[in-house]
Amino acid sequence: MSRSFDVVVIGAGPAGYIAAIRAAQYGKKVACIDEWKNRDGGNAFGGTCLNAGCIPSKALLESSELFYRTKHEFKKHGIKTGKIELDLATMQKRRASIVRQFTGGIAGLLKANKIEGLVGHGRLLAKNNIEFTSISGDVEIIEAMNVILAPGSTPIEIPIANFDHKNIVDSWDALEFDHVPERLGVVGAGVIGLEIGSIWSRLGSEVTILEAMDDFLFMADQDITRIAANDFKKQGLDIRLGANVTEAEVSKNGVEVSYGDKDGIQSIEVDKLVVAVGRRPYTDNLFSNDVGIQLDERGFIIVDDECRTCIKNVYAIGDCVRGPMLAHKGSEEGVMAADLIAGQAAEVNYDIIPSVIYTSPEIAWVGKTEAEVKALGQPYKVGSFPFAASGRAKAMEQTSGMTKIISSKYDDEILGVHIVGPMAGELIAEAVLAMEFSASTEDIQRTIHAHPSLAEAIHEASLSVDNRALNFPNK
Ligand code: FAD
Ligand code: AMP
């Protein structure tokens, strides 16, 4: 007799494992299938985020920033050091050990919640049956009352620069380099390209980032990106906009990269080329054709606002469906799907999803940019505060950047908060919470913020919306 479950989740990334845990919290009998294989051949739960994305990139961003600051900032603090040397092997060992601890932690969480963690491939068949192929090749048909598809995404490969995973690499390869490339090329100045470029630039690579679009980080507020672009330039990152990569050829000395810009065809030679031009939903062999799951023209599984596919009791969540490809967005969809399966009311507020870029300075935002508000024709007010006027930022020697707040002219409701500066990724949480409660800037103005703290920049920016900033001259 085949095994049956109340809920079967395919994919144990941040969308899938969270959905599985929440479903188990309702007392459901849950299985979570995952096939992830690390470069050492070992299987691990946690998906892209834990194995090849959020966690390893943040580990290396932290290490490389410490290395950079030790070299460039310690003198200012009156700290004398001997020769600063890089021990990349130890840095990479630390990164791998963090990943191991966290992926092991997911296996532990599944067990603690009595979830059957199944290592292997899951494929949805008609009538909500799942074909599970274990890593040893055994095939089993599992019955599921409810199915949650959470297969994630994979790097987009462009035919002009196919991955050989040695010279032309993806973001995962670039997190596992065992030496610092002298010259590193990156195709794409998106979030991943900038984070990878920052890591290796801080560790000594000469980094060139080629971006086809003329606007830098078009999705962020342009007052913020202007400051970030300036800082990246000062750090030595060579970001070339309007540079459309048309060819990449592995040569004796590295990779010959050709790109077109306003002046014609250009070329550069690099030792390694990271192609970071986005990710595509990973739905390869995920369901049989007779199931009826529908994909849109870009390959995303079509779902409604509640992540329901067109098949009864089949949900899809995370990177494989519309919306930003972010771990926390997938996790919230996982919670929603499990809540709905348990008969609870649930929703995801897609208007209030924070975005963070973990460069130095960090960039973080939530809600609408000024350009978006302007395009809506909605009357609005803007306030801002520079970190140069923050005592805490000064003490940290990290004064570059600002906080900017946009609110409605009608009722002062906060429409967007944009930060470039130290700990922007942490600071944005206050703005997310405020917006979730439909707060006005006056609510933040009347909220006591500790002194001296970076969060005071949010307080002062709120005050500045009404020309009431206290620690910086108003407009
Ligand atoms: P995934 O994490 O991709 O997990 C899907 C899992 O499903 C995988 O383990 C896969 O092997 C498995 N799977 C797929 N198909 C099957 C099948 N048929 N059978 C069995 N198993 C299957 N996001 C952030 O929010 N913050 C960050 O700082 C951040 N940094 C990033 C840095 C990098 C370098 C990269 C590449 C991504 C980063 N992301 C970040 C994005 C984040 O990793 C993704 O948004 C997130 O992992 C998506 O979660 P998911 O659960 O949908 O999919
Ligand atoms: P993201 O989708 O945020 O990961 O960013 C990927 C970036 O890669 C986008 O800004 C694209 O404009 C950029 N891009 C895509 N194809 C090319 C190309 N051939 N040359 C240069 N940049 C590219």
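Residues numbered from 1 in each chain as written. Chains lettered and ligands numbered in written order. Predicted model: local features only at pLDDT ≥ 70, side-chain atom pairs only at ≥ 80, totals over all residues. Heavy atoms only, no water.

Trainee: Could you give an account of the pairing of strand E1 (residues 4–10), with specific residues and numbers?
Mentor: Most of E1 is tucked away, with five of its seven residues classed as buried. Here E1 runs beside strand E5 (residues 139–149); their pairing, made up of six bridges, is parallel. Bridge assignment links Ile 10 to a residue of E5, and that residue is Leu 149. Sheet topology places E1 next to strand E2 (residues 30–34); four bridges connect them, and they run parallel. Bridging from a neighbouring strand, Ile 10 pairs with Ile 33 of E2. Following the chain from E1 across helix H1 (residues 16–25) to the adjacent parallel E2, one finds a crossover that is right-handed. (Buried < 20%, exposed > 50% of the residue type's maximum accessible area, 1.4 Å probe, protein only. Helix = DSSP H or I, 4+ residues; strand = E, 2+ residues; numbered from the N terminus. Pairing = 2+ DSSP bridges. Right-handed = clockwise from strand over helix to strand, strands pointing away.)

Trainee: For the environment of Arg 69, give the residues involved together with the corresponding values.
Mentor: Residue position: Arg 69 is located in helix H3 (residues 54–72). Taking the C-alpha atoms as reference points, Arg 69 and Arg 202, 133 residues apart in sequence, are found 9.0 Å from one another. Not counting residues within four places of it along the chain, the set of residues in contact with Arg 69 comprises Phe 74, Met 396 and Gln 398. (Contact = heavy atoms within 4.5 Å.)

Trainee: So what's going on with the domain arrangement of the chain? Which residues, and what values?
Mentor: Split into domains, the chain comes out as domain 1 (4–155 + 280–350), domain 2 (168–277) and domain 3 (361–465). A straight line from the C-alpha centre of domain 1 to that of domain 2 covers 27 Å. Taking both sides of the interface into account, the surface hidden between domain 1 and domain 2 amounts to around 1700 Å²; carbon and sulfur atoms contribute 63%. Taken together, domain 1 and domain 2 are joined by three salt bridges. Across the pair Lys 58 and Glu 195 runs a salt bridge, and its minimum N-O distance is 2.7 Å. The interface formed by domain 1 and domain 2 includes seven residue pairs in polar contact (both at pLDDT 80 or more). Of all the secondary-structure elements, those providing two or more residues to the side of domain 1 that touches domain 2 are helix H2 (47–52), H3 and helix H4 (88–112). Broken down by element, the residue count for the side of domain 1 that touches domain 2 peaks at nine residues, all from H3. When the residues that make up the side of domain 1 that touches domain 2 are grouped by side-chain class, the tally is eleven nonpolar, six polar and five charged. (Domains from an automatic or database assignment. Buried area = accessible area lost by both parts, 1.4 Å probe. Salt bridge = Lys/Arg side-chain N within 4 Å of Asp/Glu carboxyl O. Polar contact = N/O pair within 3.5 Å; in protein donor to acceptor, adjacent residues only side chain to side chain. Nonpolar A, V, L, I, M, F, W, Y, C, P; charged D, E, K, R; others polar.)

Trainee: Requested: an account of the sheet that holds strand E17 (residues 355–357), with residues and values cited.
Mentor: Taken together, five strands build an open sheet; the order of strands is E17-E18-E21-E20-E19 and the sheet is antiparallel. Here the strands that pair on one side only, and so sit at the sheet edges, are E17 and strand E19 (380–386). Averaged over all neighbouring strand pairs, the angle between strand axes comes to 10°, with direction disregarded. Relative to strand E21 (residues 414–421), strand E20 (residues 402–408) is paired through six bridges, and the arrangement is antiparallel. Residue pairing across strands places Thr 403 opposite Ile 419, the latter belonging to E21. Sheet contacts for helix H11 (residues 424–436): E17, strand E18 (362–367) and E21; angle to E18, the most-contacted strand, approximately 10°. (Axes fitted to C-alpha atoms, helices over the stretch in contact; angles between N-to-C directions.)

Trainee: Residues and numbers for the site of ligand 2, please.
Mentor: Residues in close proximity to ligand 2 total 14 residues, the closest being Gly 188, Glu 211, Ala 212, Ala 243 and Val 245. The separation between an oxygen atom of ligand 2 and a polar side-chain atom of Glu 211 is 2.6 Å. Here a nitrogen atom of ligand 2 sits 2.9 Å away from a polar atom, N or O, in the main chain of Val 245. Calculation on ligand 2 without its partners gives an accessible area of 510 Å², and the protein chains cover 74% of this total. (Near = heavy atom within 4 Å. Areas by Shrake-Rupley, 256 points an atom, 1.4 Å probe, with all protein chains shown as cover.)

Trainee: So what about the site of ligand 1? Which residues, and what values?
Mentor: Around ligand 1 lies a shell of 37 residues, among which Asp 34, Thr 48, Lys 58, Asp 319 and Ala 327 are the nearest. Within the contact set of ligand 1, an oxygen atom lies 3.3 Å away from a backbone nitrogen or oxygen of Pro 14. Gly 122 is positioned such that a nitrogen or oxygen atom in its backbone is 2.9 Å from a nitrogen atom of ligand 1. For ligand 1, the protein covers 95% of the area, taking 1000 Å² as the surface of the free molecule. Listing elements by their share of the shell around ligand 1, those giving two or more residues are E2, H2, H3, strand E3 (116–124) and helix H8 (327–341). A total of four residues in the shell around ligand 1 trace back to one element, the largest contributor, which is H2.

Trainee: Residues and numbers for the packing of aromatic side chains, please.
Mentor: On inspection of all chains with the given rule, the structure shows four aromatic pairs. Relative to Trp 172, the ring of Trp 36 has its centre 5.0 Å away and its plane inclined at 45°; by these criteria the two rings are tilted. Separated by 136 residues along the polypeptide, Trp 36 in the loop between E2 and H2 and Trp 172 in helix H5 (residues 171–174) bring together distant segments of the chain. On the accessibility criterion, Trp 36 (18% relative accessible area) is buried. Between Phe 385 and Phe 472 the ring centres are 6.1 Å apart and the planes differ by 80°, which places this aromatic pair in the edge-to-face class. With Phe 385 in strand E19 and Phe 472 in the segment after helix H13 (456–465), this pair connects stretches of sequence that are 87 residues apart. On the accessibility criterion, Phe 385 (3% relative accessible area) is buried. When its relative accessible area of 37% is taken as the criterion, Phe 472 is described as partly exposed. (Phe/Tyr/Trp six-rings, centres within 6.5 Å; stacked < 30°, edge-to-face > 60°.)

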